[in-house]
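# Coordinate inspection notes
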Amino acid sequence: MWAAALSLFLFLFGCGRQESRPQGSGEAAAAVEAEGERSSDRENAPQESEPGAESMDLEFADQFSVEYLADGSAMVSIKDGGRFLVLDEGMEPSRPLEEDVAVIYRPLKNIYLAATSAMDLFCGLDALDPITLSGTEASGWYIEEAKEAMENGDMAYAGKYDSPDYELILSKGCDLAIESTMINHSPEVKEQLERLGIPVLVERSSYESHPLGRMEWIRLYGLLLDKEEEADACFRAQAEKAKAVMEQEKTGKTAAFFYVTSKGYANIRKPGDYVAKMIELAGGEYVPSHIDKTEKSLSTMNMQMEAFYAAAKDADCLIYNSTIDGELEYIDQLLAKDSLLADFKAVKEGNVWCAGKEMFQETLGVGDMIEDIRRILENEDPDPSEMVYIHKLKER
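One numbering rule holds for all chains: residues counted from 1, following each sequence as written. For this predicted model, a pLDDT threshold of at least 70 governs which residues receive local features, and a threshold of 80 or more governs which side-chain atom pairs are given and counted, while totals over whole chains, interfaces and linings are taken from all residues. Derived side-chain values reflect all non-hydrogen atoms in the structure, with water molecules and hydrogen atoms excluded from consideration.

### Some words on the overall build of the protein
Only runs of H or I of at least four residues qualify as helices and only runs of E of at least two qualify as strands under DSSP, and these elements are numbered from the N terminus. Looking only at helices and strands, the protein has 14 helices and 17 strands in total. Considering only contacts in the protein between residues 6 or more positions apart, those separated by 24 or more positions represent 63%. Surface accessibility follows the Shrake-Rupley procedure with a 1.4 Å probe radius. Residue values consider only the protein chains on display as shielding. About 18,000 Å² of surface is accessible on the protein, with carbon and sulfur atoms providing 47% of the total. Contacts between residues were defined by any pair of non-hydrogen atoms, one from each residue, lying within 4.5 Å.

Structure, rendered in structure tokens:
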């Protein structure tokens, strides 16, 4: 039945924008151009503020902004990602909307979440109920609440970001899709969701240069969920934990964060990336530090292993990123990826670590991650029971 309904819907409305909000979904918006295809004039043009509007006072985040409008609505602007007018159910826009503005109605009841980094922020707000559709299967979640929700049937798998189950999404009455910037590689999916009347918010927290800016996105979700006070309190509590470490003296130690690709490259974070910034905030110096960190560049890059060796062979510690190819337990597992790693100072001294896969999903764990890095910079053998995200590689 739903397949037929979906086919009819696409036939009738697939070529145009829906003008009214259908039950259970957000108002359709014009498709936002894919990242990198906007003209520089439009990218840099300042948004005109409404007279009397107040702005959300963001401390670290610079990838989104919020204006509170006089009629009680709020305008959310996502860098290179369009704007969203947030209205309570029953409200109507007080003036005609510009083409890049989509409408999000509160309360949100059925969210399709394809941006894994946002899940921890919803958990921090005790607001998992509105996420009924996931772009990640249960086995791909390292956040227990998300895994349990899928196993219990409270959250359904609705396909990956590039191949969503439109029929399921439509049948659930989805009122918001939250995507990572990976959706920019599949713009036709974003356009299709918008044609179905579903606002698509492209989550850019990973582009925040400051780790606490990444965590501050909880304040945006607090607005969307009408939980702003709870979001502010959660953010402040976690930020204070990180700031306590940031106020300590520099250690004078250097650290590299990387993994080895299937083709033998060293994949590193650029110096402007939030992971590199966490090392700096923990009192260390990130290497390699000479890499171009142009704002529009990706936050990671591949290096030939010889080039990585030249730049990081004298690093005091190595931290292996396990996100792609799994966690390591032993140093010989690392050396099996490239024998050149055996000549690194940190390997010779046994100061090699592995960051757990959950680190990138648990966005609210920034304070714990910075504390972990501080411990390994200060002490080559910290108490393992104190470590949250990083463990030391052992000799067999």
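From this point, things continue past the structure.
### Examining the sheet that holds strand β1 (residues 54-55)
Across a sheet, strands are paired by hydrogen bonds formed along the backbone, either parallel or antiparallel in direction. Reading across the sheet, the 5 strands line up as β1-β2-β3-β4-β5 and stay open at both edges, with mixed pairing between neighbours. Looking at the sheet topology across the chains shown, the edges are occupied by β1 and β5 (101-106). Note: two strands are recorded as paired if DSSP finds a minimum of 2 bridges between them. Bridge count between strand β2 (residues 64-68) and strand β3 (residues 74-78): 5 bridges; the pairing is antiparallel. Following the sheet pairing, F64 is matched in β3 by I78.

### Side note on the sheet that holds strand β10 (residues 200-202)
With parallel pairing, the 5 strands of this open sheet are ordered in space as β8-β7-β6-β9-β10. The sheet is open, and its two borders are formed by β8 (156-157) and β10, each paired with just one other strand. Two strands pair when backbone bridges link them, and strand β7 (residues 131-134) and β8 are joined in this way by 2 bridges, in the parallel orientation. Along β8, the bridge assignment pairs L133 with A156. The convention used is that axes are lines fitted to C-alpha atoms, helices contributing only their stretch in contact, and that angles between N-to-C directions extend from 0 to 180 degrees. Together, β9 (176-179) and β10 form the strand contacts of helix α6 (residues 187-195), whose direction differs from that of β10 by roughly 145°.

### Observations concerning the environment of L168
Mapped onto the fold, L168 is located in helix α5 (residues 166-171). Note on classification: 1.4 Å probe, protein chains only; a residue is buried when its accessible area is under 20% of the maximum for its type, exposed when over 50%, partly exposed between these limits. On the basis of relative accessible area, L168 is assigned to the partly exposed category, the value being 22%. As a C-alpha pair, L168 and L133 span 35 residues in sequence and 8.8 Å in three-dimensional space. Not counting chain neighbours up to four residues away, the residues in contact with L168 comprise L133, A156, Y157 and A158.

### Some thoughts on helix α11 (residues 305-312)
Among the residues of α11, those classed as buried are M305, F308 and A312. Viewed along the axis of α11, the buried residues span an arc of 55°, placing them on a single side of the element. Exposed residues pointing more than 90 degrees away from the buried face of α11 are listed as E306 and A310. As used here, the arc belongs to the directions running from the helix axis to the C-beta atoms.

### Description of the packing of aromatic side chains
Pairing of aromatic rings covers Phe, Tyr and Trp, the last counted by its six-membered ring, and requires centre-to-centre distances within 6.5 Å; plane angles under 30 degrees mean stacked, over 60 mean edge-to-face, and any other angle means tilted. Per the counting criterion, the structure on display carries 8 aromatic pairs. Where F308 meets F344, the ring centres are 5.5 Å apart and the plane angle is 35°; that geometry is what we call tilted. Pair noted here: F308 is in helix α11 and F344 is in the loop between α12 (331-335) and α13 (345-348), with a separation of 36 residues, a long-range link. You can call F308 buried: its relative accessible area is 0%. Lysine NZ or arginine CZ positioned within 6 Å of the ring centre and within 35 degrees of the ring normal marks a charge as sitting over the ring. One residue, R204, lies across the ring of Y207, its end atom 4.3 Å from the ring centre. In this structure, R396 packs its charged tip against the face of Y330, placed 4.1 Å from the ring centre.

### Quick notes on the side chain of S205
When you line up the elements, S205 lands in the loop between β10 and α7 (211-215). With a relative accessible area of 1%, S205 lands in the buried category. Reaching out from S205, the side chain makes a polar contact with the side chain of E203 at a distance of 2.9 Å. With near-sequence residues (within four places) excluded, S205 lies in contact with S117, R214 and W217. Pairs of N or O atoms are called polar contacts if they sit within 3.5 Å, as long as, within protein, a hydrogen donor faces a hydrogen acceptor (for residues adjacent in sequence, only side-chain-to-side-chain pairs).

### With respect to the pattern of salt bridges
We define a salt bridge as a side-chain nitrogen of Lys or Arg found within 4 Å of a carboxyl oxygen belonging to Asp or Glu. Applying the stated rule across the entire model yields 22 salt bridges. Notably, a salt bridge pairs E371 with R375, separated by 3.9 Å at the nearest N-O pair. On the criterion of helical spacing, the pair formed by E371 and R375 is a turn pair, its members being 4 residues apart in helix α14 (residues 366-378). The partly exposed category is assigned to E371, whose relative accessible area is 22%. A relative accessible area of 22% means that R375 is categorised as partly exposed.

### Remarks on the packing of helix α10 (residues 274-281) against α14
Axis separation between α10 and α14 bottoms out at 8 Å; the angle between their running directions is 55°. Taken together, the axis directions place α10 and α14 in an arrangement best described as oblique. Crossing of α10 over α14 shows right-handed handedness. Judged by residue contacts, M278, I279 and L281 of α10 engage V366, M369, I370, I373 and L377 from α14. As a working rule, the residues Ala, Val, Leu, Ile, Met, Phe, Trp, Tyr, Cys and Pro are called nonpolar, Asp, Glu, Lys and Arg charged, and the rest polar, with Gly in that last group. When the residues that make up the contact of α10 with α14 are grouped by side-chain class, the tally is 8 nonpolar, no polar and no charged. With respect to orientation, any angle under 35 degrees is reported as roughly parallel, any angle over 145 as roughly antiparallel, any angle of 65 to 115 as roughly perpendicular, and every other angle as oblique. Helix crossings fall into two classes, left-handed where the near helix is turned counterclockwise from the far one by less than a right angle and right-handed where it is turned clockwise.

### So, the packing of helix α9 (residues 228-246) against α14
It is the contact of α9 with α14, at a shortest axis distance of 8 Å, that shows an interaxial angle of 20°. Between α9 and α14, the interaxial angle falls into the category roughly parallel. Crossing hand, α9 versus α14: left-handed. Residues K241, A242 and V245 of α9 touch α14, and the partners they reach there are G367, D368, I370, E371 and R374.

### Considerations on the environment of Y389
Here Y389 shows up in the loop between α14 and β17 (390-392). The spatial distance from the C-alpha of Y389 to the C-alpha of G365 is 8.7 Å, given a sequence separation of 24 residues. Excluding anything up to four places from it in sequence, Y389 contacts C354, A355, G356, E358, M359, E362, G365, D368, M369 and D372.

None of this, on its own, says anything about what the molecule does.
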